[in-house]
Amino acid sequence: MKLRTLHGTSAILIAAFACLHVANHLAALAGVSSHIAFMEVARKSYRQPIVEFPLLLCVAFQVASGLWFVIRGWKQRQGGVAWLQAISGALLAFFLLVHVGAVLYGRTVLNLDTNFYFAAAGFHVPPNKFFFGPYYFLAVLALFTHLGCAAYWHLQASPPRTRVVAIALPMLVGGAVSLLIVLSLAGKLRPVEVPAKYKATYARQEG
Ligand code: HEM
């Protein structure tokens, strides 16, 4: 099987998880308790070894194969969509490496429940919000953009306008979803009180 086909196949599992995951973060718009209640149910599916192990393997494969495509095609890449796909893919690869590494570290080494507060803590210990704002915003936007670019290439037989909408619409939705998630993590939509043990992970690094 071609590497590109494998990249697309592994993307299906990651995208399915990402839909559930992004919905989980949107649940925080109704309050942190809604986010946590949603997560408790969702974890019953993705925290099963039979799901989690293949998911993490797919993430590792996606990052490695994606970076390989970005580097291999660097000189021949032509056109805005090809570059948008490469840039959003490279951003996602960087994000997934840091993000999944941080979540696994938080769970296993720091022994924290990696819930809403784990993601929000960075926004509530200055000056980390200047990193976490763009980091989460661009990650979700890059995810939607990258999927939109894939749809564009699959719609080769469609009129140009349909193909442009296939990218523009996910980007608009992704930008709005991303903004809402970041604002809720930052406590700008509802007050958020992050427990001290989550904030302490940043204090340790500062000290
Ligand atoms: C604002 C955006 C995001 C935030 C705040 C966030 C936060 C989190 C948190 C708190 C966890 C731990 C979940 C748990 O303990 O059950 C997690 C896990 C994870 N996230 Fe995200 N995430 C975001 C976006 C994404 C995106 C866009 C992707 C993929 C494209 C992604 C992929 C993952 C993966 C693969 C895991 C590990 C799942 C596991 O094995 O437990 N995340 N994320």
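Here the structure is shown first, and the text comes after it.
The following refers to the structure shown. (Residues numbered from 1 in each chain as written. Predicted model: local features only at pLDDT ≥ 70, side-chain atom pairs only at ≥ 80, totals over all residues. Heavy atoms only, no water.)

1. Quick word on the overall build of the protein chain
Looking only at helices and strands, the protein chain features 8 helices and 0 strands. When the elements of the protein chain are put in sequence order from the N terminus, they spell out α-α-α-α-α-α-α-α. By the compact-globule yardstick of 17 Å for 207 residues, the protein chain fits well, its C-alpha radius of gyration being 18 Å. Per-residue burial over the protein chain gives 41% buried out of 207 residues. For the protein chain, the share of sequence-separated contacts (at least 6 apart) that also reach a separation of at least 24 residues comes to 74%. Approximately 11900 Å² of the protein chain is accessible, and the part contributed by carbon and sulfur atoms is 71%. Here the protein chain carries 17 positive and 5 negative side-chain charges, and the mean point of each set is 17 Å from the other. (Helix = DSSP H or I, 4+ residues; strand = E, 2+ residues; numbered from the N terminus. Rg over C-alpha atoms; globule rule 2.2 N^0.38 Å. Buried < 20%, exposed > 50% of the residue type's maximum accessible area, 1.4 Å probe, protein only. Contact = heavy atoms within 4.5 Å. Areas by Shrake-Rupley, 256 points an atom, 1.4 Å probe, with all protein chains shown as cover. Lys, Arg positive; Asp, Glu negative; His and termini not counted. Charge placed at Lys NZ, Arg CZ, Asp CG, Glu CD.)

2. Points about the side chain of Arg-163
By the secondary structure assignment, Arg-163 is in helix 7 (residues 160-185). There is a polar contact of 3.3 Å between the side chain of Arg-163 and the backbone oxygen of Leu-155. Setting aside residues no more than four positions away along its own chain, Arg-163 makes contact with Tyr-152, Trp-153, Leu-155, Gln-156 and Ser-158. (Polar contact = N/O pair within 3.5 Å; in protein donor to acceptor, adjacent residues only side chain to side chain.)

3. Describing the pattern of salt bridges
Applying the stated criterion across every chain yields a total of 2 salt bridges. Here Arg-43 makes a salt bridge to Asp-113, at a shortest N to O gap of 2.8 Å. Pair noted here: Arg-43 is in helix 2 (residues 32-46) and Asp-113 is in the loop between helix 4 (80-108) and helix 5 (116-120), with a separation of 70 residues, a long-range link. Under the relative-accessibility criterion, Arg-43 is labelled buried at 15%. When its relative accessible area of 36% is taken as the criterion, Asp-113 is described as partly exposed. Between Arg-107 and Glu-52 there is a salt bridge, and its shortest N-O distance comes to 2.9 Å. (Salt bridge = Lys/Arg side-chain N within 4 Å of Asp/Glu carboxyl O.)

4. Overview of the nonpolar core
Of all hydrophobic cores here, the largest spans 35 residues; its most connected members are Phe-116, Phe-123, Tyr-136, Leu-185, Val-194 and Tyr-198. Counting residues per element, the ones that place at least two in this core are helix 1 (3-26), helix 3 (49-72), helix 4, helix 5, helix 6 (129-154), helix 7 and helix 8 (196-206). Those residues in contact with Phe-123 that lie beyond four places of it in its chain are Lys-129, Phe-132, Gly-133, Tyr-136, Val-182, Leu-185 and Ala-186. (Core = buried A, V, L, I, M, F, W, Y, C linked by side-chain atoms within 4.5 Å.)

5. Details of a nonpolar patch on the surface
A grouping of Met-1, Leu-3, Leu-6 and Trp-68 is seen on the molecular surface, where their side chains present a nonpolar patch of about 440 Å² in accessible area. Mapped onto the elements of the fold, Leu-3 is located in helix 1. (Patch = residues over 30% accessible without salt bridge, like charges linked within 9 Å, V, L, I, M, F, W, Y side chains within 5 Å.)

6. Digging into the state of the cysteines
Tallied over the full model, the rule gives 0 disulfides. In this structure Cys-19 is a free cysteine whose sulfur lies 15 Å from that of Cys-58, the closest cysteine sulfur available. Taking relative accessible area as the criterion, Cys-19 reaches 56% and is therefore assigned exposed. Cys-58 sits in the buried class, given a relative accessible area of 16%. (Disulfide = S-S within 2.5 Å.)

7. Quick notes on the side chain of Ser-10
In this structure, Ser-10 sits in helix 1. You can call Ser-10 buried: its relative accessible area is 8%. In this structure the side chain of Ser-10 is engaged in a polar contact, spanning 3.5 Å, whose partner is the backbone oxygen of Cys-58. At 2.3 Å, the side chain of Ser-10 and the side chain of Gln-62 are in polar contact. Every residue in contact with Ser-10, bar those within four places of it in the chain, is listed here: Cys-58, Phe-61 and Gln-62.

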